Amino acid sequence: MKKKILFRILLNTRFRDIKSANKKWMSTSEDESWLAYRVHIFMKYTAKSLIHQKNQLFTAIILYLDSTEEVVKRLLAEYEELPPNIIFLNQDKEETFMETYLKEDTDYIYEVRLDSDDCYIDTFVQTLHNVEITEETQCILSRWGYIWDHHSKRLGNVYYPSPPFYTLVYKAKEYREGVRYTLKGGHVGACRLNCILLEGEQYLFVLHESNILATFEHRMQKTEITDTKEKQAILERFGVTE
């Protein structure tokens, strides 16, 4: 069975289809200082997580607003060049990119959800390649992970019944024809699909000053890890160095 693994990551395009309610957010997401911080966080966490994957048979696209292309390119020039399978992409060019991407022969498309400030463990892509799916499989879900506070340097195990860490599984033919799952109620909708649940801690949820939940206490069912060596060993599995 041939599969293609695609990480689809949104840099500043999250609410691009919601007009009135998010004008303030949209204005902020086009601000250069906001973008500089988000690119910094992406490079410090998400990019390193992708680069440290033991299996590099994946493609990651990081989508940004057309109106911010000049700023994004200028910011990226300040960092070391990313590997060719990690691509910053103008959202207006996504359709053209996908036409080429989908031309290659494959049986399944795995669309991995990941925010531009979070991480997966270094064996995650290999796990996706190894997991045995059925004809009915629609989603591969990770409920166990870690939470990391960028500022306080606190780390904890976390269990999240409807996490934003999931991979949608599509038959390639149907995906090319435009089939996409509707996730009713947001991330919780992924749990309602026909899911395979991964064992072990798979993700690192990063808390920092410009994400939605910015304090360590906001996450439930968590056990803090205080041993310095244990913390360092865990963070290294995600490509994080402090």
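Residues numbered from 1 in each chain as written. Predicted model: local features only at pLDDT ≥ 70, side-chain atom pairs only at ≥ 80, totals over all residues. Heavy atoms only, no water.

Visitor: I'd like a rundown of the nonpolar core, residues and numbers included.
Guide: By size, the foremost hydrophobic cluster in this structure holds 57 residues, and its most contacted members are Phe7, Phe42, Phe88 and Leu204. With ten residues, helix α2 (residues 32-51) is the largest single contributor of residues to this core. Apart from the residues within four sequence positions on either side, phenylalanine 42 is in contact with Ile9, Ala47, Ile62, Leu82, Ile86, Phe88 and Ser116. (Core = buried A, V, L, I, M, F, W, Y, C linked by side-chain atoms within 4.5 Å. Buried < 20%, exposed > 50% of the residue type's maximum accessible area, 1.4 Å probe, protein only. Helix = DSSP H or I, 4+ residues; strand = E, 2+ residues; numbered from the N terminus. Contact = heavy atoms within 4.5 Å.)

Visitor: So what's going on with the pattern of salt bridges? Residues and values would help.
Guide: If you walk through the whole model with that rule in mind, you get 13 salt bridges. Here arginine 74 makes a salt bridge to glutamate 70, at a shortest N to O gap of 3.8 Å. A residue pair is termed a helical-turn pair when its members lie 3 or 4 positions apart in one helix, as arginine 74 and glutamate 70 do in helix α3 (residues 69-76) at four residues. Residue classification places arginine 74 among the partly exposed residues on the basis of a relative accessible area of 37%. Exposure remark for glutamate 70: the relative accessible area of 64% places this residue in the exposed category. Sharing partners across several salt bridges, the network here consists of Glu32, Glu70 and Arg74. (Salt bridge = Lys/Arg side-chain N within 4 Å of Asp/Glu carboxyl O.)

Visitor: Please provide a residue-by-residue account of the sheet that holds strand β2 (residues 59-64), values included.
Guide: Spatial ordering of the open sheet is given by β3-β2-β1-β4-β9-β6-β10, a layout of seven strands whose pairing is mixed. Strands at the two margins of the open sheet, each flanked by one partner only, are β3 (86-90) and β10 (195-197). Mean inter-strand twist for the sheet, computed between neighbouring axes without regard to direction, equals 25 degrees. Sheet topology places strand β6 (residues 139-141) next to strand β9 (residues 166-171); three bridges connect them, and they run antiparallel. When the sheet's bridge partners are listed, cysteine 139 is paired in β9 with leucine 168. Taken strand by strand, α2 contacts β1 (3-10), β2 and β3, and its axis lies near 125 degrees from that of β3. (Pairing = 2+ DSSP bridges. Axes fitted to C-alpha atoms, helices over the stretch in contact; angles between N-to-C directions.)

Visitor: Lay out unusual backbone geometry in plain terms, naming residues and giving numbers.
Guide: Residues other than glycine seldom take positive phi values, yet lysine 153 does so here, at roughly 65 degrees. Tracing the chain through its elements places lysine 153 in the loop between β7 (144-149) and β8 (155-159).

Visitor: Help me get a handle on the layout of surface pockets, residues and values and all.
Guide: The calculated volume of the second largest pocket comes to roughly 220 Å³. What lines the second largest pocket is His40, Met43, Lys44, Ala47, Lys48, Ile51, Tyr79, Glu80, Glu81, Leu82 and Pro83. Of the residues that constitute the lining of the second largest pocket, the class distribution is six nonpolar, one polar and four charged. (1 Å grid on protein atoms, 1.4 Å probe; cavity = no way out; pocket = protein on both sides within 12 Å on 5 of 7 lines; lining within 4 Å. Points joined across faces, edges and corners; volume = space filled by probe spheres on them. Nonpolar A, V, L, I, M, F, W, Y, C, P; charged D, E, K, R; others polar.)

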